[in-house]
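Working through the structure, step by step
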Amino acid sequence: MGPRVVIVGAGIVGCSLADELTARGWTRVTVLEQGEPVRTGGSTSHAPGLVFQTAGHPTMTRFARATAAKYGSLRLDGRPCFRPVGGLEVAAGRERLADLRRRHGWATAAGIESHLLDPGECAALHPLIDREVVLGGLHVPSDGVVVPLGAAQAQARAATARGAEFRHGVRVTGIDTTGGRVRGVETDHGPVPAEVVVSAAGMWGPLIGAMAGVTVPLTPMAHQYAWTTPVRELDLLQKLRGLVDPGGAVFPMLRHPDAEVSVREHGDRLGVGACGHRAMPADPAGLDRPGPDRGGMPSERTFTDLDFEPSWNAAQALLPALAEAKVERGVNGLFSFTPDGMPLLGETRVPGLWLAEAVGIAHSGGVAQALASWMVDGVPSLPGAGADADAGADAGTGSVGDAEPVDVSAAHHDRFDPALLAPTTVRSRACRAFDEVEDIGHPQRLSTTSRPLRTGPFEARHRELGAVVAELDGWAVPAWFGDNADLPEVCEVRPRRAWAGRHWSPIAGAEALVVHRAVALVDLTSRHRMEVTGPDALGLLQHLATADLDRPIGTRTRALALDRAGRIRADLDVARLAADRFAVGVATRLEARWLAEHALGVVEIRDVSAGTCALGLWGPAAGVLLSRLGDPSGRARTADAVEMHVGPVPVLALRGTPAGVDGVELRTGADLGAALWDVLWDAGATLGVVAAGARAVTSLLVEAGHRTVGLGLDAELTPAEAGLGHLVDAGKGLFIGRAGALAAPRRRLVSLALDDAGEVVVGDEPVLAGDECVGRVAAAEVSHAEDVSLALAAVPTALAAEGTELAVEYFGRRLPARVVSREVR
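Here we take up the overall build of the protein. Secondary structure summary: the protein contains 19 helices and 46 strands in total. For 825 residues, the compact-globule estimate of 2.2 N^0.38 gives 28 Å, and the C-alpha radius of gyration of the protein, at 27 Å, lies within 12% of that figure. Seen through its principal axes, the protein has C-alpha atoms that stretch 85 × 60 × 55 Å. Taking all 825 residues of the protein together, the buried fraction comes to 60%. Roughly 30500 Å² of accessible area belongs to the protein as shown, and the carbon and sulfur atoms make up 51% of that amount. Positive and negative side-chain charges in the protein, numbering 80 and 100 respectively, have mean positions lying 2 Å apart.

What follows is the structure, given as structure tokens:
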């Protein structure tokens, strides 16, 4: 039966989640909806239902693929809820055409069939297209159109048949968190007890979260959609193709990203979606208020013809048959946008309160599958290849067969730094995400439209050195330093071609070379630093970590923290400073959260990142530099962890670097950071000290074979699969995920060296063995010291041996590569 669950919202996400939970045996599910049955008034009620599976993030592509598979088996009263008409994205410019080749690679990496087409093939597939307008296209045959209300209703019926209850016309007014965890919800019809509450309220999500003191960072945003008058040429073509269903379709959906327009059939009419207009945000608190711009339900606003005019002109240029048609009706429909355009999923810091927010129709089924497995089994997963269910005539497809883990960190609701959660920041960044929804996004783009909110104590020194700044989780992080343009090593760095050369400078390569030859200061402040103290500190860390941390005071140990399936959730840098005091470092906010939410016993976990800073002293001359500043005995070079002084500055010195070079990490208070920098800078002047930015660091890590969260590691890999089996101590006793950690790997994360050192890939490209896709590039960079282009990719273990010949598909080209040995750190 499972716990009592309340789902707030009966849109397609809430209905799909009810279906998935009840299929897994959690049958005591109550879905509360403030609107009417079926057409509830949220985004599902007006969504056009387009499922283009190939997305800019691999997790979103997996969600969309799972959604198409699930909804493809749904029927309501004998009618299909999904029509696999295919999707056709077209390019009007050279840059977009190149991007379609990249997207073809993404589809290949995800196991989705796709085809690159020339203009004639595009027009043959969709005869309404003017072939003179397009340069080419990308066709995905399994894309299609969901009937949103039908799919929601079919899944609601399936969930009801298993015991779920749907109550409409019930407004949630509060969440009971007595004792610090969820106890149920308050409604205008009385209390509803529950051990678990899931907010799937869409645009109302921020209001639901606020009832429990949880910030839900989303903004309702208008998206225009218009229905045309009958299109005579479309009607004739449909009759020639033998269309029988008056509401059906015979041609693929169209996406014209250069014009930010999408098109689908509605019988003899066309529907035209547009997102090229100005951002039109709405206030969640005012969604239900009457007003002159309100449409027929809370999620609709009055259609604004002037905003739509450029999109209509672009649609007519692409489809000349629209010249005789007019806009019959339209809507400014509201959808949820987050600051980065990704969903908000997972359990909040209020135990028992989960979020399933900012989820579009195209990803709803996959998100529900992942969230249900996360809630029931503790690990988010999606159906594996070949596990698609056939539910038969009128049922939901609650997926309980073979499953594969899915990394949802990019969609975790708690991924944002608290400094980014101010209402004005959430709103402005959501507007930016809307404005950029069809942009050709570069994975290494340096944002020019927002300023990082968090700066460390070295920021003034960075500016003096001409830092080119990137943003990392709200932090200002130097990518490279303009003052290093005069380094002689710049001339040794191979130029990069086209796409790989964007948002990059040879200065970054020069900085990496200096790290190998002399010494550099590396700002590590954006990493998370925690103190774990108390009588049970060691016991907690032993419970979480794969390595034995019961080691002498002054030792530094790398370990992994795993979920119950043995997948990697955190990469821990642990220094023992006393019997009951540990300094723990991780790269990301979610890793820090994983540690904090597992606290047991008499232990205190303090995130001291905001009040401290960290500076790496990397390179062969690091020891010489330190010896000039009060470490003549070389303690910082011989002891793993030691509290000492560098000049007048007290520091925690941690020996070693992940970059394959000598060095030390120095941590001190944020108020002493500038003094620490100055002391090191002055003492290192005659040693050729430079500042090295984040791009140099990434190059050094990939070169050294180092992998960590955000650089090759994710929650879909076990330690053995990540090539980090040496971090697992099988003899230390029980720890979370032990069984999975010791299981035989099915794949392995390896380093690939491209045969052509001048080719640089950037990530997410498919890895090929012959004509078969066997993996995806997880990270890539150049070893400037070796002049070798490298990539990290997880491939089947049979292909992981050194020397194995593979290839990487890059913008439609096949780049030969081979597996190379790297000392994994």
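What follows picks up the thread again.
Before going further, it helps to examine the environment of S299. Following the sequence through the fold, S299 ends up in the loop between β19 (269–274) and β20 (300–301). For S299 and S789, which are 490 residues apart along the polypeptide, the C-alpha to C-alpha distance reads 49 Å. Ignoring sequence-local partners within four residues, the contact set of S299 consists of G41, G42, S43, H46, M203, N332, G333 and L334.

With that settled, the discussion passes to the sheet that holds strand β31 (residues 568–578). Strand order across the open sheet formed by five strands is β30-β31-β32-β29-β33, with antiparallel pairing between neighbours. Two strands bound the open sheet, and with one partner strand each, they are β30 (556–562) and β33 (604–607). Strand-to-strand twist across the sheet, computed as the mean angle between neighbouring axes with direction ignored, equals 30°. In this fold helix α14 (residues 589–596) packs onto β29 (528–533), β30, β31, β32 (581–586) and β33, with an angle of close to 10° to the strand it touches most, β29.

Looking now at the pairing of strand β44 (residues 788–796). Where burial is concerned, most of β44 is hidden: eight out of the nine residues are buried. Note that strand β41 (residues 747–754) and β44 share seven bridges and pair antiparallel. Its bridge partner being in β44, L752 is matched across the sheet by A791. In this structure, strand β43 (residues 772–783) lies alongside β44, joined through six bridges in antiparallel fashion. What sits directly across from V782, in β44, is S789. Between β43 and the antiparallel strand that follows it, β44, lie four residues; D787 among them carries a positive phi value of about 55°.

Attention now moves to helix α1 (residues 12–23). Side chains three or four residues apart in an α-helix point the same way, a direct result of the helix having 3.6 residues per turn. A rise of 1.5 Å per residue sets the reference length of α1, with its twelve residues, at 16 Å; its end C-alpha atoms lie 16 Å apart and thus fit the reference within 8%. Where burial is concerned, most of α1 is hidden: eleven out of the twelve residues are buried. Regarding α1, the residues found buried are I12, V13, G14, C15, S16, L17, A18, D19, E20, L21 and T22. Of the residues flanking the end of α1, it is G25, one or two places downstream, whose phi is positive at about 100°.

Counting buried positions over the eight residues of β41 gives six, a clear majority of the element. Bridge count between β41 and strand β46 (residues 813–820): four bridges; the pairing is antiparallel. The partner of L754 across the bridge, within β46, is A817.

Per the counting criterion, the structure on display carries nine aromatic pairs. Chaining the aromatic ring pairs together yields one cluster made of F303, F308 and W312. In this arrangement the basic side chain of R255 is found over the ring face of F52, its NZ or CZ atom lying 5.9 Å from the centre. The ring of W227 carries R329 above its face, with NZ or CZ at 3.9 Å from the centroid.

Pairing is mixed across the open sheet formed by six strands, whose spatial order is β11-β2-β1-β15-β23-β22. Every other strand in the sheet has two partners, leaving β11 (165–168) and β22 (344–347) as the edge strands with one partner each. Sheet twist, expressed as the average angle between the axes of neighbouring strands with direction ignored, equals 20°. Here four bridges tie strand β1 (residues 5–8) to strand β15 (residues 196–199), and the two strands are oriented parallel to one another. Residue pairing in the sheet places V6 in a bridge with V197 of β15.

Turning to the side chain of S73, a few remarks are in order. When you line up the elements, S73 lands in the loop between α2 (58–71) and β4 (75–76). A relative accessible area of 9% means that S73 is categorised as buried. From its side chain, S73 meets the backbone oxygen of K70 in a polar contact 2.8 Å long.

So, on to unusual backbone geometry. Here the phi dihedral of D77 falls at roughly 55°; this positive angle occurs in a residue that is not glycine. Following the sequence through the fold, D77 ends up in the loop between β4 and β5 (79–80). Its identity is not glycine, yet E260 carries a phi of approximately 55°, on the positive side.

Turning to helix α12 (residues 506–517), a few remarks are in order. Between the first and last C-alpha of α12 there are 17 Å, a value that for twelve residues agrees with the 16 Å anticipated at 1.5 Å per step. With nine of twelve residues buried, α12 lies mostly within the body of the structure. Among all positions in α12, only I507, A508, G509, A510, E511, A512, L513, V514 and V515 are buried. For α12, the secondary structure elements touched by its buried residues are β27 (475–481), β28 (520–523), β34 (612–618), β38 (690–692) and α18 (694–704).

The final tally for this structure, using the stated rule, is 50 salt bridges. D19 is paired through a salt bridge with K70; the nearest N and O atoms lie 3.0 Å apart. With a gap of 51 residues between them, D19 in helix α1 and K70 in helix α2 connect regions that are remote in the sequence. D19 gets classed as buried once you look at its relative accessible area, which sits at 0%. Here R655 ties to D640 by a salt bridge, and the two come within 2.7 Å at their closest N and O atoms. Residue R655 is located in strand β36 (residues 649–655), and its partner D640 is located in the loop between α16 (635–638) and β35 (641–646); the two are separated by 15 residues in the primary sequence. Residue classification places R655 among the partly exposed positions, given a relative accessible area of 33%.

We now examine the nonpolar core. By size, the foremost hydrophobic cluster in this structure holds 53 residues, and its most contacted members are I7 and V198. For this core, the secondary structure elements donating two or more residues are β1, α1, β2 (29–33), α2, α5 (148–161), β15, β23 (353–357) and α9 (361–377). It is α9 that provides the largest number of residues to this core, a total of nine residues. Apart from residues no more than four positions distant in its own chain, V198 is found in contact with V5, V6, I7, V8, L17, W354, A356, L371 and M375. In terms of nonpolar packing, the next biggest core, distinct from the first, is built from 41 residues, L524, L562, I568 and V690 among them.

Helix-helix packing: each pair is described by the crossing angle between the helix axes and the interaxial distance. Here α1 crosses α9 at 40°, and the two axes come no closer than 8 Å. Judged on the interaxial angle alone, α9 and α1 are oblique. Seen along the crossing, α1 lies across α9 with a hand that is right-handed. Contacts between α1 and α9 involve I12, V13, S16, L17, E20 and L21 from the former and I361, S364, G365, A368, Q369, L371, A372, M375 and V376 from the latter. Broken down by class, the residue content of the contact of α1 with α9 amounts to ten nonpolar, four polar and one charged.

Here α1 crosses α5 at 30°, and the two axes come no closer than 8 Å. Accordingly, the angle class assigned to the pair α1 and α5 is roughly parallel. With respect to the hand of their crossing, α1 and α5 are arranged in left-handed fashion. On the side of α1, the interface is formed by I12, C15, S16, A18, D19 and T22, while α5 contributes P148, A151, A152, Q155, A156, A158 and A159.

What counts, and at which threshold
- Residues numbered from 1 in each chain as written.
- Predicted model: local features only at pLDDT ≥ 70, side-chain atom pairs only at ≥ 80, totals over all residues.
- Heavy atoms only, no water.
- Helix = DSSP H or I, 4+ residues; strand = E, 2+ residues; numbered from the N terminus.
- Rg over C-alpha atoms; globule rule 2.2 N^0.38 Å.
- Buried < 20%, exposed > 50% of the residue type's maximum accessible area, 1.4 Å probe, protein only.
- Areas by Shrake-Rupley, 256 points an atom, 1.4 Å probe, with all protein chains shown as cover.
- Lys, Arg positive; Asp, Glu negative; His and termini not counted.
- Charge placed at Lys NZ, Arg CZ, Asp CG, Glu CD.
- Contact = heavy atoms within 4.5 Å.
- Pairing = 2+ DSSP bridges.
- Axes fitted to C-alpha atoms, helices over the stretch in contact; angles between N-to-C directions.
- Expected span 1.5 Å × (residues − 1).
- Phe/Tyr/Trp six-rings, centres within 6.5 Å; stacked < 30°, edge-to-face > 60°.
- Lys NZ or Arg CZ within 6 Å of the ring centre and 35° of its normal.
- Polar contact = N/O pair within 3.5 Å; in protein donor to acceptor, adjacent residues only side chain to side chain.
- Salt bridge = Lys/Arg side-chain N within 4 Å of Asp/Glu carboxyl O.
- Core = buried A, V, L, I, M, F, W, Y, C linked by side-chain atoms within 4.5 Å.
- Parallel < 35°, antiparallel > 145°, perpendicular 65-115°, else oblique.
- Left-handed = near helix turned anticlockwise from the far one by under 90°.
- Nonpolar A, V, L, I, M, F, W, Y, C, P; charged D, E, K, R; others polar.

So yeah, pure geometry; function would need other evidence.
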